[in-house]
Amino acid sequence: MRRCFGDRATFAVEVGEIQPPTLRVVDVWVAGRRLTVDDNSAFVPSFSHAMRSSAAQVRRRDIRPCPFPGHSPEETFRLLQADETGFAEHFWFMRWGETLDGVSTYAYLEHDLVIVFAFWRASHPFPEDLGEVFAARIPPDEFALTVETAVDLLDSGIAAGDPGR
């Protein structure tokens, strides 16, 4: 059974079946696009740790403001992608391992949390998405709560499936 936390149109995490002993099907949605199209089998110990870290960062508002005020989210993404100085690394976001390694993702605060991303892998199953930049805005606390709730389920499922814990 799959459980969805959040709203696919903005940001959601769907937690699916357990793949013993430590893997679980997880799909991440932003701006109506599924980011986990290449690999949605997450190694829960590291995946949940990375997710909790992102949620805590957002709760603390430890996300930088828009690096290019006055530019659209799409323009901001392209400017960050073009950066060769290391500046863009300050805006990397949702670096949650192999499940999201087919997408480049940045975030910044502009009252809401703004998540901008693009798929880059030539084998992406939706070729019309390649070259497009997508963006979503979500209140920071809503993002954090969505992630924390999904991670609680991820962690409880693995703990229940592992009698050694």
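Our structure is the block above this text.
Residues numbered from 1 in each chain as written. Predicted model: local features only at pLDDT ≥ 70, side-chain atom pairs only at ≥ 80, totals over all residues. Heavy atoms only, no water.

Undergrad: Sorry, what's going on with the nonpolar core here?
TA: Generally speaking, soluble globular proteins have nonpolar side chains that are buried together. The biggest cluster of nonpolar side chains holds 38 residues, and the ones touching the most others in it are Phe11, Val30, Met94, Trp96, Leu113 and Phe143. Breaking this core down by element, the ones donating at least two residues are strand S2 (11-19), strand S3 (23-30), helix H1 (44-59), strand S6 (103-110), strand S7 (112-119), strand S8 (134-138) and helix H3 (140-161). For this core, the element with the highest residue contribution is H3, accounting for seven residues. Counting eleven residues, the second-largest nonpolar core is a separate cluster that includes Ala88, Phe91, Val114 and Val116. (Core = buried A, V, L, I, M, F, W, Y, C linked by side-chain atoms within 4.5 Å. Buried < 20%, exposed > 50% of the residue type's maximum accessible area, 1.4 Å probe, protein only. Helix = DSSP H or I, 4+ residues; strand = E, 2+ residues; numbered from the N terminus.)

Undergrad: Help me out: how do you make sense of H1 in this one?
TA: Along an α-helix, residues three or four positions apart point the same way, because every turn accommodates 3.6 residues. With 16 residues, H1 should reach 22 Å at 1.5 Å per residue; the first-to-last C-alpha distance of 22 Å fits that figure. Residues Val44, Phe47, Ser48, Ala50, Met51, Ser54, Ala55 and Val58 constitute the buried set of H1. For H1, the angular spread of the buried residues around the axis is 160°, confining them to a single face. Arg61 sits one or two residues past H1 and shows a positive phi near 60°. (Expected span 1.5 Å × (residues − 1). Arc of directions from axis to C-beta.)

Undergrad: How do you make sense of helix H2 (residues 73-82) when you look at a structure like this?
TA: Along H2, the positions that sit buried rather than exposed are Pro73, Thr76, Phe77 and Leu80. With its buried residues spanning 100° around the axis, H2 presents them on a single face.

Undergrad: Help me out: how do you make sense of the pattern of salt bridges in this one?
TA: One side chain can pair with another of opposite charge once the charged atoms of both are near each other. Within the structure shown, the criterion is met by 14 salt bridges. Put simply, Arg61 and Asp141 hold a salt bridge, and the shortest N to O gap is 3.0 Å. Separated by 80 residues along the polypeptide, Arg61 in the loop between H1 and H2 and Asp141 in helix H3 bring together distant segments of the chain. With a relative accessible area of 38%, Arg61 lands in the partly exposed category. The exposure class of Asp141 is partly exposed, given its relative accessible area of 36%. In this structure, a network of salt bridges that share partners links the residues Arg2, Arg8, Glu14, Asp27 and Arg34. (Salt bridge = Lys/Arg side-chain N within 4 Å of Asp/Glu carboxyl O.)

Undergrad: Could you clarify how one ought to interpret the sheet that holds S7 in this entry?
TA: Reading across the sheet, the three strands line up as S6-S7-S8 and stay open at both edges, with antiparallel pairing between neighbours. On the outer flanks of this sheet lie S6 and S8, each paired with one strand and no other. Neighbour-to-neighbour, the strand axes of this sheet turn through a mean angle of 20°, independent of strand direction. In this sheet, S8 lies alongside S7 in antiparallel orientation, the contact comprising five bridges. (Pairing = 2+ DSSP bridges. Axes fitted to C-alpha atoms, helices over the stretch in contact; angles between N-to-C directions.)

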